[in-house]
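# Coordinates in review
One letter stands for each residue in the lines below.
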Amino acid sequence: MNRRGWLCCGATLLAAALPVWAQSCPPQGLPARVSIQYEANATRNGLSLQGESTLELNRIGAEYTLTTALSTSGLQWARQVSEGTVHAEQLRPKRYSESRLRRADTSTLLDWPAKKVTFADGTEAPAHPGLQDRASALLHLSAQQRAQPQAQAIEFSVDSLRRISVFRFVRREAERQA
């Protein structure tokens, strides 16, 4: 599956987990531990992917580790890990790593004092306040949605292994699934 396909798959999984995550997160902020398992179904360019996805957050003081994984038929297709600190109940990633079936683990590093991101290939870009990674984006979106419940759109920057992109989420009518 190409990069765009994985992004769409990730967005689909993100949308599926968000309501469950929002219910798991207490109003005063991030809990010490959360584990969510849910069924994941995605289709892109005729390729269907069905399996189980997990999201696990472990927080000790100001440090956190967030892991998301997608497995099908006992095979782990994708795994993302975000590690960092929590400031004002917002995640501040320091390291993002990603692994996929038959591919080695690769990482992006965020150096907040130097205000830079070092991507997996060694290239660098400026780190902006509020920057998230592809794993922490789910929790950040949930926090932003709770902080701005009437917002029609939420937008923030997200780093991956190669670049920084702007993610924009637009409020739409609820969709019912049978």
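For the structure itself, look to the data block above.
Residues numbered from 1 in each chain as written. Predicted model: local features only at pLDDT ≥ 70, side-chain atom pairs only at ≥ 80, totals over all residues. Heavy atoms only, no water.

### A short note on the sheet that holds strand β11 (residues 164-170)
Sheets are built from strands paired through backbone hydrogen bonds, the pairs being either parallel or antiparallel. Taken in spatial order, the three strands make up an open sheet running β9-β10-β11, and their pairing is mixed. Since the sheet does not close on itself, it has two edges, and those belong to β9 (132-133) and β11, each with one partner. Packed onto the sheet, helix α2 (residues 137-147) meets β9, β10 (153-159) and β11 and runs at close to 155 degrees relative to β10. (Pairing = 2+ DSSP bridges. Helix = DSSP H or I, 4+ residues; strand = E, 2+ residues; numbered from the N terminus. Contact = heavy atoms within 4.5 Å. Axes fitted to C-alpha atoms, helices over the stretch in contact; angles between N-to-C directions.)

### Quick notes on unusual backbone geometry
The phi torsion at K115 lies on the positive side, around 55 degrees, for a residue other than glycine. Mapped onto the fold, K115 is located in the loop between β6 (106-111) and β7 (116-118).

### Description of empty space enclosed by the protein
Considering all chains together, one arrives at one cavity of 30 Å³ or more under this definition. In this model, the largest cavity occupies a volume close to 30 Å³. Looking at the lining of the largest cavity, the elements with two or more residues in it are β5 (90-100) and α2. Here the element with the most residues in the lining of the largest cavity is α2; it accounts for three residues. Partitioned by chemical class, the residues of the lining of the largest cavity number four nonpolar, two polar and one charged. (1 Å grid on protein atoms, 1.4 Å probe; cavity = no way out; pocket = protein on both sides within 12 Å on 5 of 7 lines; lining within 4 Å. Points joined across faces, edges and corners; volume = space filled by probe spheres on them. Nonpolar A, V, L, I, M, F, W, Y, C, P; charged D, E, K, R; others polar.)

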